[in-house]
2 protein chains.
Amino acid sequence: MSSPSHLLVNRFKRIVFGSPKRTDQAHHERLGIPIALAVFSADGLSSVAYATEEILLILTAVTAAAAVYSLPIGLAIVALIMIVAASYNQTIRAYPTGGGSYIVSKENLGKLPGLVAGAALLIDYVMTVAVSAAAGIAALVAAIPALQGYEVPLCLAAIWFVAWMNLRGVKESGSIFALPTYGFVLMVFVMLAFGLYRVMTGDWHPHASVLAGFGGGDPAFYEATKGITWFLILRAFASGCTALSGLEAVSNGVQAFKAPEDKNAIKTLSVARTLLFTMFAGITVLAYGFNVIPHDGETVMSLIAAEAFGGRGFLYFLVQAFTTGILLLATNTAYADFPRLSSLIARDGFLPRRFANRGDSLVFHWGIYILAGIASLLIVLFNGSTHHLIPLYAVGVFTAFTLSQTGMVVHWLKEAKAKSESVLKHWWSLSLNALGAFICAVITIVVAVAKFTQGAWIILIVLPLFIGYMLHVHSYYDRFKNKVEALLKEHLTMDDARRVKVILTIGGLTPVIDHAMRVAHRISKDVTAVYVAVEPEIGEKVARKWDKARHSGTELVVVPSPYREVVAPLKEYLEQMHRQEPHTLINLLVPVIVTNEPFDDYLHNGYADQILRELRFSEGIIITEIPFYVNMNPDATKIVIDPAQ
Amino acid sequence: MSSPSHLLVNRFKRIVFGSPKRTDQAHHERLGIPIALAVFSADGLSSVAYATEEILLILTAVTAAAAVYSLPIGLAIVALIMIVAASYNQTIRAYPTGGGSYIVSKENLGKLPGLVAGAALLIDYVMTVAVSAAAGIAALVAAIPALQGYEVPLCLAAIWFVAWMNLRGVKESGSIFALPTYGFVLMVFVMLAFGLYRVMTGDWHPHASVLAGFGGGDPAFYEATKGITWFLILRAFASGCTALSGLEAVSNGVQAFKAPEDKNAIKTLSVARTLLFTMFAGITVLAYGFNVIPHDGETVMSLIAAEAFGGRGFLYFLVQAFTTGILLLATNTAYADFPRLSSLIARDGFLPRRFANRGDSLVFHWGIYILAGIASLLIVLFNGSTHHLIPLYAVGVFTAFTLSQTGMVVHWLKEAKAKSESVLKHWWSLSLNALGAFICAVITIVVAVAKFTQGAWIILIVLPLFIGYMLHVHSYYDRFKNKVEALLKEHLTMDDARRVKVILTIGGLTPVIDHAMRVAHRISKDVTAVYVAVEPEIGEKVARKWDKARHSGTELVVVPSPYREVVAPLKEYLEQMHRQEPHTLINLLVPVIVTNEPFDDYLHNGYADQILRELRFSEGIIITEIPFYVNMNPDATKIVIDPAQ
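Residues numbered from 1 in each chain as written. Chains lettered and ligands numbered in written order. Predicted model: local features only at pLDDT ≥ 70, side-chain atom pairs only at ≥ 80, totals over all residues. Heavy atoms only, no water.

### Some words on the packing of helix α13 (residues 261-289) of chain A against helix α14 (residues 300-308) of chain A
All names here are of chain A. Inclusion rule: Each axis is a line fitted through C-alpha atoms, taken for helices only over the stretch in contact, and angles between the N-to-C directions span 0 to 180 degrees. Going along the chain from the N terminus, every DSSP run of H or I of four or more residues is numbered as a helix, and every run of E of two or more is numbered as a strand. Angles below 35 degrees are treated as roughly parallel, those above 145 as roughly antiparallel, those between 65 and 115 as roughly perpendicular, and all remaining angles as oblique. Contacts between residues were defined by any pair of non-hydrogen atoms, one from each residue, lying within 4.5 Å. Charged residues are taken to be Asp, Glu, Lys and Arg, nonpolar residues to be Ala, Val, Leu, Ile, Met, Phe, Trp, Tyr, Cys and Pro, and polar residues to be all remaining types, Gly included.
One can describe the packing of α13 onto α14 by two numbers: an axis separation of 10 Å at closest approach and a directional angle of 70°. Between α13 and α14, the angle falls in the class roughly perpendicular. The residues of α14 that touch α13, namely those facing Ile-283, Leu-286 and Ala-287, are Val-300, Met-301 and Ile-304. Its residues assigned to classes, the contact of α13 with α14 shows six nonpolar, no polar and no charged.

### Quick look at the environment of Cys-155 of chain A
For Cys-155 of chain A, the location among the structural elements is in helix α7 (residues 151-167). Apart from the residues within four sequence positions on either side, Cys-155 of chain A is in contact with Ala-133, Ala-134, Ile-137 and Ile-379 of chain A.

### Topic: the confidence of the model for chain A
All names here are of chain A. Selection criterion: For every residue, the pLDDT score states the predictor's confidence, bounded by 0 at the bottom and 100 at the top.
Averaged over every residue, the pLDDT of chain A is 83; the share at 70 or more is 87%. Across chain A, helix α6 (residues 111-143) holds the top mean pLDDT of 93, while helix α1 (residues 23-27) sits lowest at 41. Below pLDDT 50 for its whole length, residues 1-28 participates in 56 contacts with residues either more than four positions away or in separate chains. This stretch, residues 637-645, has a pLDDT under 50; its non-local contacts, to residues over four places away or in other chains, come to 21 contacts. Both scores are available for the predicted complex, with the pTM at 0.69 and the ipTM at 0.71.

### Things to note about unusual backbone geometry
Residue and element names in this part refer to chain A. Definition in use: Relative accessibility thresholds used throughout: buried, under 20% of the residue-type maximum; exposed, over 50%; partly exposed, between the two (1.4 Å probe, protein chains only).
In this structure, Pro-260 follows Ala-259 across a cis peptide bond, with omega equal to -5°. Checked against the element boundaries, Pro-260 lands in the loop between α12 (249-252) and α13. A positive phi angle, near 55°, is found at Asn-291, a position not held by glycine. Within the secondary structure, Asn-291 sits in the loop between α13 and α14. For Asn-291, a relative accessible area of 21% translates into the label partly exposed. A positive phi angle, near 70°, is found at Phe-617, a position not held by glycine. You can see Phe-617 is positioned in the loop between α24 (606-615) and β5 (621-630). The buried category is assigned to Phe-617, whose relative accessible area is 9%.

### What to know about a positive patch on the surface
The cut-off we apply is this: Residues enter a patch when their relative accessible area is above 30% and they make no salt bridge; the linking distance is 9 Å between like charges and 5 Å between nonpolar side chains (Val, Leu, Ile, Met, Phe, Trp, Tyr). Only the protein chains shown count as cover for residues, with accessible areas throughout obtained via the Shrake-Rupley method and a probe of 1.4 Å. Whenever Lys or Arg places a side-chain nitrogen within 4 Å of a carboxyl oxygen from Asp or Glu, that contact is recorded as a salt bridge. Positive charge is attributed to Lys and Arg, negative charge to Asp and Glu, and no charge count is given to His or to the chain ends. Here the site of a charge means atom NZ of a Lys, CZ of an Arg, CG of an Asp or CD of a Glu.
Together, Lys-541, Arg-544, Lys-545 and Lys-548 of chain A line one region of the surface with positive charge. Given the relative accessible area of 47%, Lys-545 of chain A is considered partly exposed.

### As for the packing of helix α3 (residues 48-60) of chain A against α13 of chain A
All names here are of chain A. The condition is simple: Each crossing gets its handedness from the near helix: less than a right angle anticlockwise from the far helix is left-handed, clockwise is right-handed.
Across the interface, α3 lies against α13 with an axial gap of 9 Å and an inter-helix angle of 40°. Considering the angle they form, α3 stands oblique to α13. α13 is crossed by α3, and the crossing has right-handed handedness. Contacts between α3 and α13 pair Val-48, Ala-51, Thr-52, Ile-55 and Leu-56 from the former with Leu-276, Met-279, Phe-280, Ile-283, Thr-284 and Ala-287 from the latter.

Take a look at the structure:
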């Protein structure tokens, strides 16, 4: 709420802003590396909770021995993490004010690629909520098997709990992020340490030896893994790529860091990247070593933790608790980012203008409802299963990565051109981003093809539809602008109005009407009262009384109503007046009774409501309601009325 | 629609009405006896289609032999018809302008008895629709057994078909009534003639002889009818009393008759009464003689017709068709009477005022929706069965009869007193009405007790609730009137307003705002523009531009918005202004974009909507919307907008 002290009305026709606090400054103190790491990497790090499982699910569906292929796939993904993180370092350097995929793509590649990136990201935020909630609940159910079968309601409860927290206005603060994020990282490393100890003490029992898997020539292994095709391995790799989701968060939020922003952001990204690939690699190796086969109702993380700690004790439950915690935190990130990106796109005219001001609570609420609503729908449609949602997720993530990295390539070329420097000056950044763009493009295609039948086709339909919608909105605003410009060159009826004629509609001669008459006379010296006579006799009576009343200076028009209607004759009368005097603007005053008994409000204003419905926005007519306040209920301090009435 | 030629604006502040046609005269030509009989007795005569069946259903549930008791019960009902019709003759004489139960009870017994009668009648109209539709469809299903099992959807279709006809504005006209009413009467008499012939030719086969039934001393009969108690006979009688429903219609509509109205009405009632008891008596005797036992899926009328005509030929189907026809016509009567009575009660302040003008199409539509809606609900709840609905019906009918007849007794006493005549002068009318009142009162109690467990209890709950609601409405209007009177003695903030301050809210410097500014200047010389600055920089820019623009004569206030909200700071600013200058009335002008593309309307006016929601009816503020019309779609000739937007 704006306090009265803010309302400095400048006599010289403007306000001196004093020292206004910007919203960003007011709500987000600049962050040091430790807190920034928690805030910006929660989403990214949380994906290790399900990435390995997604790989194993594809491989072990054929045979348990195929799990050995998770090792080279994991290695490829680690390499991928290194490359993508390195290319994002370049983005941070180039966009110290924050370079999200939408902005980088739009500025360097043009509007349409920008829209593709923007649409992909908005869809991804929805997927983040759905996938993270599903994975978080999966961790919970693994620890408490009694909850099995209740995954969908639990997911919905989690989604709407976080939505409710956001609606209530819980502000993002670093401290909220710190505990679940560092707790999760710590417990994963403790688990990896315990696991490594077990492995070193001989507790290593994979289904197939690495040697057998990679050319050792074990005939039994070859027999068992006959069904493993290159396509299947690609598919497993595509699933594992979700480990990279959320990696771009640091580059979006550079402005939130303490100075020097870009350097601190790069350091943070470097730590986040290292944590990410270490945890992912460790989990993947342990899953292989402990011969973990994913099955319904238990996550790979849960199986590894149980093996590593030699049972389901306190440490096991800590791992599961922090896993659920960081995943729910990851959904929270999407709730904050979705309205933020929507507002950027809306400012460019590609989403309804009302979304442009993300500070507006109404807009923020709508964003949250849309996000939680669609995520809930996905949870119900896909039965709360993480791995059914992953194919939809990965396409969007890598589409945005590809466009962002490609945009960066163009950025360096433009930069060199603008400064008339040699391209070679940026060769390192340029090659890193080019490599990133190329690899991400390949992966986007791999994911789309490999996962096409498993749900990726949905995104390949929804994404173009969404982009088409954004183009429609933009073209509408363009057409609107042109129409308005054309109108300005034309005759504007209302602008031509020589005068405003004030008409007061009355329903009889009551104190409420007396009051409305007095208000009307303050609005204009020249007021005409109009009464629709449903009963001719009563019309004559009203006209007679009018003469005797103190309103005798005002003209009264009695409009007959042969069919006993009230609003239709009034409408006809005003429309005829507008036809006869098109240059007169009719200001129709409608008396309305306002009480503080909302339940009984329908007992008044039957015709006022109808007049508003029928005449609002009629050509040449503007409507002013004249409320008459009656405090019917002394207990209610404020006069409240349902505006829909 | 009021045509332009009706709009004679009188320069001397009133209109000369010319020769306005009253709605009653315009739509209802005065009726001669033959047509009046059809119009006013359709509802009453149609009840013979199910009254006998209701009696037999109760009796034969014990044993088929008990059907013999239908004869004395029928005789009692015929006597009842004679007495009630005779007392209504007195009502017609006393109320030549139309004496419905509501008016007669209210004028003679007081408000509360009037309300009881009014509420009972309104409920009865609902029951008429439900019962007549159920009976009409039963006649149809009896003739076409393939329709069995579809009674409920058929009833609903019939109810909403008649509702739709009324919504479409089909006017009551005598000719519509004539065919089904006279066709029904004719076919019933043809059926009775055929039936009598069969009886005379020896085709008489009742389950029990009259002699055995009434003291003939047949031991077998006594054995079979052991279960028949006096209470059961009373219950059968109570059911048969529905034969009287609709009998009061003539007395309500005296004004519709050709002069001499009362004499013609009495003649009509006399014919209607004669037809009613003849048909009822005939059907009851034949049902006994043909040993008709009602069973599922076939009506007593259908069974009698099949016996009388010796099969299901053309004449049989004619009887069934006319039965369905007159019963659906009876529902139509309720659609016309329900809004009429509601408007009478609303004028007295016991129902929401918006129902007072029954000529208003909106009111009429609401009446029809309410009537058809509740009737449909009853059909679904009671599974489309006539005899489950009858217990609810009869209580209301006889409550209204009793109050009306008691009111007549008081009327004659008052009349004598007013004219200082001896009461003996009216002894005949007085005793007839007193007899009617007494008998109806007894029957009301009999029906309520005998049918209590079969549904009458519902009415005994609903009726008081409904009366309580009407009293609540009346007391609200009373309290409102007192509050307004008290207010008039007090200080009225808005009446004290020394001036009106015009505030124009602007969302930027666009052509739409330029237009709104020009309109604002025509409304007042003294306009202040207000801009809420979500971004301080943009606020400064708007202020700078304002100076250069042609609006420099107008003050611009830039309201800062530290929390990036738009409407809240505006609201706070206006509320503060109201607190500082309580005697100033703020006229807030809100620019609104109006297009003829309703689907894209949400792309505009995000804040205009919100301003209306938040500030409408705020104390000290009136709102005027300034529409800016943009013809986005040249194909749509008219600019249409969803008023809810």
